[in-house]
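Examining the three-dimensional arrangement
Residues per chain, in single letters:
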Amino acid sequence: CKERNQPTPSESLKGNTPRPEWTAPADYDYTSSITAVIKVDLSSQFTEATDFAIDTKDLIAAFCGNECLGVAEQKEGLFYLYICAPKQSAEEAPMIRFRYYSGLYSNIFVAKDAFAYKNDAILGTPEPLLPQWEIDKQQ
């Protein structure tokens with residue numbers, strides 16, 4: 001028996017967030033390039049999600065706290081991301097976290113795991129990265 005006014009599974013992913021205007025900083029001293037195939041598989045965590053539901057409006061961005069350090073649009077289902085680090089990051093090794101905007105669901109998801117920034121690092125392999133996502137409650 002299902003209670004009334006309880007959201008259906010498809011409503012839990014669906015948001016009303018417009019496509020964000022994430023931009024990377026113009027002033028930085030250090031860069032780190034990330035060559036990665038990022039597979040967005042929301043269906044592994046949300047039963048109502050469609051696997052490989054890539055939309056032309058999708059974005060992935062790298063953040064240190066609330067500061068955007070790089071943005072990538074999807075190209076044929078893949079995201080190629082270049083990260084710009086803030087000046088102080090050379091010694092502090094900030095934690096970087098991915099955020100994913102789904103055009104299909106009009107919602108922002110944040111990766112559960114973060115990685116430490118390392119100057120001139122190249123991350124990723126031909127095997128796809130499979131970040132675990134959760135709905136971003138701070139949007």
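Before going into details, it helps to say that this report is about the structure given with it. Because the structure is predicted, anything quoted here is derived from the model rather than measured.

Reading the values: the criteria
- Residues numbered from 1 in each chain as written.
- Predicted model: local features only at pLDDT ≥ 70, side-chain atom pairs only at ≥ 80, totals over all residues.
- Heavy atoms only, no water.
- Helix = DSSP H or I, 4+ residues; strand = E, 2+ residues; numbered from the N terminus.
- Polar contact = N/O pair within 3.5 Å; in protein donor to acceptor, adjacent residues only side chain to side chain.
- Contact = heavy atoms within 4.5 Å.
- Salt bridge = Lys/Arg side-chain N within 4 Å of Asp/Glu carboxyl O.
- Buried < 20%, exposed > 50% of the residue type's maximum accessible area, 1.4 Å probe, protein only.
- Pairing = 2+ DSSP bridges.

Quick look at the side chain of Arg-99
Mapping Arg-99 onto the fold places it in strand β6 (residues 95-102). In terms of polar contacts, Arg-99 uses its side chain to reach the backbone carbonyl oxygen of Gly-65, at 3.4 Å. In contact with Arg-99, not counting residues within four places along its chain, are Trp-22, Leu-59, Ile-60, Ala-61, Phe-63, Gly-65, Asn-66, Ile-108, Phe-109, Val-110, Trp-133 and Asp-136.

Regarding the pattern of salt bridges
Within the structure shown, the criterion is met by two salt bridges. For Asp-136, the salt bridge is made with Arg-99, and the minimal N-O distance between the two is 3.8 Å. Of the two residues, Asp-136 sits in the segment after β10 (133-135) while Arg-99 sits in strand β6, which places them 37 residues apart along the sequence. The class for Asp-136 is buried, based on a relative accessible area of 9%.

Overview of the pairing of β6
Two faces make up the sheet, and in a regular strand the side chains alternate between them. A large share of β6 lies buried, amounting to six of its eight residues. Pairing between strand β2 (residues 59-64) and β6: five bridges, direction antiparallel. Across the sheet, the residue bridging to Ile-60 is Tyr-100, located in β6. Across two bridges, the pairing between β6 and strand β8 (residues 115-116) is antiparallel. Residue pairing across strands places Met-95 opposite Ala-116, the latter belonging to β8.

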